[in-house]
Amino acid sequence: MGIQFDEKQRIFHLQGKATSYVIQLERDGYVTHQYWGRKIRKFRNSNRQQYIDRSFSPNPYYRDRTFSLDNLPQEYPQYGNSDFRKPAYHIQLENGSTVTDLRYKSHRIYSGKPKLTALPATYAGQADAETLELVMQDEYLGLEVQLLYTVFSNYDVVTRSVQFHNKGKQKLKLLQASSVSVDFRRSDFDMLTFPGAWGKERHMEKRSLQAGIQSAESTRGASSHQQHPFIGLMEKHTTEDYGEVFGFHLVYSGNFLAQAEVDQFATTRVTLGINPFDFSWLLEPGATFQTPEAVLVYSSKGLGAMSDTLHRFYQQHLVRGEHKDKERPILINNWEATYFDFDADKIEQIAKAGSELGIELFVLDDGWFRNRNSDSTSLGDWFVDKKKLPNGLEDVAKRVNDFGMQFGLWLEPEMVSVDSELYREHPDWCLHVPDRYRTESRDQLVLDFSRADVRKEIIKRVSDILSSAPIGYVKWDMNRHLSEVGSASLPAERQRETAHRHMLGVYEVMEMLTSRFPHILFESCSGGGGRYDPGILYYMPQTWTSDNTDAVSRLKIQYATSLLYPVASMGSHVSDVPNHQVHRSTSLTMRGDVAMAGNLGYELDLTRLSKEEKQVVSQQIEFYKEIRSLVQFGQFYRLKSPFEGNETAWMFVNEDKSEAYVCYYRVLAEPAAPLAVLRVKGLDLSKDYSVWGTDEVYSGEELEYSGIRIPTALKGDFVSHTWYLRTE
């Protein structure tokens, strides 16, 4: 493990658990990319760069027609001096020109990993990681660009970010500042992305790379439901267990651009970072700009190994706080039970019913604050509605606590309603531009968190609420994206910094509140999974996966989300039927079996359940408590994909392989269906496993090689079956 520099060959060799990443200095300080893939014990450059004359590829060196940046694999490519592919960064000088010329200046290698100023990022101890700081310089401008690489001893992960330091005398304008760029010498890949929409977030999509540019991006001010800040390149025919995968994931929650460009010579350039659309940053003399961090993950054993790496890496090196490794409570949320129509007595009734079923946490959702009787008013006025709750949150929390349950609360701190006291007092506190209509979404506007006065006031109001009662959980929502992105506090030359400054402000508020209230379990939400990204995961250890709680829809949503995120980060609830989002009716058993593959919760009126339904829910909760640690922190395996057929299956295995929980789901019944079996993964082949609730015992090797039969008793549409396995 570690980073070595071969002075003779001018090669940096970064080595992780089973990965090598190699950088070489060419000629007069050009920083080139040589290799990323399976670990190589000693890299001697057997596949060194070849230089030939390429027509229409200009040459920086006088009468040397074999050298052009247009076909040189680079670590951080620039614009304007013979490379016609998309650059990693773009800078405008005071004279209006945009040509720069970065060359290697110096480097430093050290143990550990530095923090990034004002941004979320992965972390590591001195013994866990090693970092390369590689400094490039444009001598004419006095611009220094520091490329940061960290390699981790126990993971096939390299993290990258970039710092721009203006050490010159003129003002510079950053027009693009990507976090990472990698040039591959091939293009025979499939590209993996996660597009979607509200209610169908992160639907994985695979397509063959084509000549030109293909991308995933957001210009919505958030990572968004519609796209995800990830791009993967996969060897052809890659499966869960076979094939090379190169993954790029951005630790950022705002506008992003992830793209792959296949050029005329069938090479591929991947860049990832802040979206340059409507972005610029004025870099004055002496100033520094830090890009968000990119996580680069490599797998030589398919998507399953990539997922396992990301799950373990994020859980240990991104998630923070006292809830990081704690089992997550089973909750009941009143939203779909009452919407805005409730009072303290109704809340108490639902909480009492929940406590009798074994639920551990009651969450009071939207509608508890002053005049909030619909979603068209009062955001920003974070004061208790004494008409609904005459004795305040403390009284409601006490009633819930008296049942032996924790009390949680919904908040939407980043928003303001036009019909609110806050907006009437401070109409300039929202994002807006002069003399333009302020577009509303869900009858609300976005507070301008680029402003210190706005951040200070919201921190105070939310802190007052969280200090007013024994609150153990917060659902932090964000129910619209950004439009009319401008700030009344920024000068004209800095207006295109607003979106990024706003995101930095959101991070500051989250850091302040989660640090001030470390005992609170914060769950992030943005109309469900509209801001489910590594940046938010740094502050809040779990996310509401989707507003769509339909069990069938959730198969695809949870399956694809699991490709990138640990199961402990996924909120998953049982809701009423017909489902409130897609109006489908599924059995309580299937809804429970899907929800138990995440952080289990319920979102319905428990007081209206029949005796038989209460018995089913009680059994679900009792069983989930038995397997909770296994589900939330065990190793996860995907067995059947809902994107490839009518069936879905996945399973969980604990660390010593003494327990496993296997889940199977079938969407539609079919005539003359085959007698199917399910082959499992991850068991100890030498051990025998008993099937809980039966007298059946099978060896691990039989279950993996031969499989376990799927019961023929499963009849009709929307059915599920689970197996809980324990070693003898």
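As a reminder, the structure under discussion sits directly above these lines.
Enquirer: Where do I start with the overall build of the protein in this structure?
Expert: Within the protein, the regular secondary structure consists of twelve helices and 38 strands. In terms of overall size, the protein behaves like a compact globule, its C-alpha atoms giving a radius of gyration of 27 Å where 728 residues would be expected to give roughly 27 Å. Buried residues in the protein amount to 61% of all 728 residues. Contacts in the protein between residues at least 24 apart in sequence constitute 69% of all its contacts with a sequence separation of at least 6. Computing the positive centroid from 84 side-chain charges and the negative centroid from 98, the protein places the two 4 Å apart.

Enquirer: Honestly, the environment of Arg312 in this entry has me stumped. Any pointers?
Expert: By secondary structure assignment, the location of Arg312 is in helix α1 (residues 302–317). Arg312 sits 322 residues away from Gly634 along the chain, and the two C-alpha atoms are 9.8 Å apart. If sequence neighbours within four positions are ignored, Arg312 has contacts with Lys17, Asn154 and Tyr155.

Enquirer: Looking at this model, I keep getting lost on unusual backbone geometry. Mind explaining?
Expert: Negative phi values dominate among residues other than glycine, just as trans dominates among peptide bonds. Residue Pro578 is reached from Val577 by a cis peptide bond, and omega for that bond is -5°. Turning to its location among the elements, Pro578 is positioned in the loop between β29 (570–575) and α10 (588–595). At Asn45, a residue that is not glycine, the phi angle is positive and equals roughly 65°. Mapped onto the fold, Asn45 is located in the loop between β4 (30–38) and β5 (89–92). Taking relative accessible area as the criterion, Asn45 reaches 4% and is therefore assigned buried. Unlike most non-glycine residues, Phe718 shows phi in positive territory, near 55°. Relative to the helices and strands, Phe718 resides in the loop between β37 (708–709) and β38 (719–727).

Enquirer: Could you clarify how one ought to interpret the sheet that holds β29 in this entry?
Expert: Two modes of strand pairing occur in sheets, parallel and antiparallel, and in both the strands are linked by backbone hydrogen bonds. Taken in spatial order, the eight strands line up as β21-β22-β23-β26-β27-β28-β29-β30 and close into a barrel, and their pairing is parallel. Adjacent strand axes in the sheet meet at a mean angle of 30° when their direction is disregarded. Both strand β22 (residues 361–364) and strand β23 (residues 406–411) contribute to a ladder of four bridges, which runs parallel. Paired with Phe362 across the two strands is Phe407, which belongs to β23. Lying over the sheet, helix α4 (residues 392–401) contacts β22 and β23, oriented at roughly 140° with respect to β23. In this fold helix α9 (residues 551–561) packs onto β28 (542–544) and β29, with an angle of close to 165° to the strand it touches most, β29.

Enquirer: How do you make sense of the nonpolar core when you look at a structure like this?
Expert: One broad trend across soluble globular proteins is that nonpolar side chains are buried collectively. In this structure, Phe164, Phe248 and Trp368 are the most contacted members of the largest nonpolar core, which totals 183 residues. Filtering out sequence-adjacent residues up to four positions away, Phe248 remains in contact with Trp36, Val180, Val182, Phe184, Pro229, Phe230, Ile231, Val270, Leu272, Val295 and Leu296. Membership of the second largest hydrophobic core comes to 21 residues, among which are Tyr637, Leu639, Tyr689 and Tyr698.

Enquirer: Help me understand the packing of aromatic side chains in this model?
Expert: Each aromatic ring pair is specified by the distance between its two centres and by the angle formed by the two planes. For the structure shown, the criterion picks out 45 aromatic pairs. With a centroid separation of 4.8 Å and 75° between ring planes, the pair formed by Trp335 and Tyr339 is classed as edge-to-face. A relative accessible area of 18% places Trp335 in the buried class. Among the aromatic side chains, those forming a connected cluster through ring pairs are Tyr21, Trp36, Tyr149, Phe184, Phe189, Phe246, Phe248 and Tyr298. Note that Arg27 overlies the ring of Tyr61, its terminal NZ or CZ placed 4.0 Å from the centroid. Against the face of Phe67 rests Arg27, its NZ or CZ located 4.9 Å from the ring centre.

Enquirer: So what exactly am I meant to see when it comes to the pairing of strand β35 (residues 688–691) here?
Expert: Consecutive side chains of a regular strand alternate in pointing toward one face of the sheet and then the other. Pairing between β35 and strand β36 (residues 697–699): three bridges, direction antiparallel. Counted as the bridge partner of Ser690 is Val697 from β36. One ladder, built from three bridges, connects β35 with β38; its direction is antiparallel. Counted as the bridge partner of Val691 is Leu725 from β38.

Enquirer: How should I be thinking about helix α7 (residues 498–516) in this particular structure?
Expert: Structurally, the α-helix is built with 3.6 residues per turn, so residues lying three or four positions apart point the same way. An ideal rise of 1.5 Å per residue puts 27 Å on 19 residues; α7 measures up with 27 Å between its terminal C-alpha atoms. Taken as a whole, α7 has its buried residues at Thr498, His500, His502, Met503, Gly505, Val506, Tyr507, Val509, Met510, Leu513 and Thr514.

Enquirer: Hey, could you run me through the pattern of salt bridges in this one?
Expert: Between side chains of opposite charge, pairing is possible as soon as their charged atoms come close. Taken as a whole and assessed by the stated rule, the structure comprises 52 salt bridges. Its salt-bridge partner being Lys326, residue Glu322 comes within 3.9 Å of it at the nearest N-O pair. For Glu322, a relative accessible area of 39% puts it in the partly exposed group. The salt bridge involving Lys687 is made with Asp684; its shortest N-O contact spans 3.7 Å. We classify Lys687 as partly exposed; its relative accessible area is 30%. A cluster of three or more residues bridged by salt bridges with shared partners is formed by Asp366, Arg372, Asp375, Glu412 and Arg442.

Enquirer: Even after reading the chapter, I still don't get the environment of His165, so can you show me in this structure?
Expert: Secondary-structure assignment places His165 in strand β9 (residues 157–166). Given a relative accessible area of 18%, His165 falls into the buried group. Residues contacting His165, with those up to four places away along its chain left out, are Gly142, Leu143, Glu144, Gln146, Ala287 and Thr288. In terms of polar contacts, His165 uses its side chain to reach the side chain of Thr288, at 3.0 Å.

Enquirer: Help me understand the sheet that holds β4, please; the structure alone is not making it clear to me.
Expert: The four strands are arranged β1-β2-β3-β4 in an open sheet whose pairing can be described as antiparallel. Strands with a single pairing partner mark the edges of an open sheet, and in this sheet they are β1 (2–6) and β4. Pairs of neighbouring strands in the sheet enclose a mean axial angle of 15°, with direction left out of account.

Enquirer: What's the story with the packing of α9 against α10 in this structure? I'm lost.
Expert: Each pair of packed helices gets described by two things: the angle between the helix axes and the distance between those axes. Relative to each other, α9 and α10 sit at 15°, their axes nearing to 9 Å. The angle between α9 and α10 places the two elements in the roughly parallel class. By crossing handedness, the relation of α9 to α10 is classed as left-handed. Of the residues in α10, those touching α9 at Ala551, Val552, Arg554, Leu555 and Gln558 are Met590, Arg591 and Val594.

Definitions and limits used
Residues numbered from 1 in each chain as written. Predicted model: local features only at pLDDT ≥ 70, side-chain atom pairs only at ≥ 80, totals over all residues. Heavy atoms only, no water. Helix = DSSP H or I, 4+ residues; strand = E, 2+ residues; numbered from the N terminus. Rg over C-alpha atoms; globule rule 2.2 N^0.38 Å. Buried < 20%, exposed > 50% of the residue type's maximum accessible area, 1.4 Å probe, protein only. Contact = heavy atoms within 4.5 Å. Lys, Arg positive; Asp, Glu negative; His and termini not counted. Charge placed at Lys NZ, Arg CZ, Asp CG, Glu CD. Pairing = 2+ DSSP bridges. Axes fitted to C-alpha atoms, helices over the stretch in contact; angles between N-to-C directions. Core = buried A, V, L, I, M, F, W, Y, C linked by side-chain atoms within 4.5 Å. Phe/Tyr/Trp six-rings, centres within 6.5 Å; stacked < 30°, edge-to-face > 60°. Lys NZ or Arg CZ within 6 Å of the ring centre and 35° of its normal. Expected span 1.5 Å × (residues − 1). Salt bridge = Lys/Arg side-chain N within 4 Å of Asp/Glu carboxyl O. Polar contact = N/O pair within 3.5 Å; in protein donor to acceptor, adjacent residues only side chain to side chain. Parallel < 35°, antiparallel > 145°, perpendicular 65-115°, else oblique. Left-handed = near helix turned anticlockwise from the far one by under 90°.

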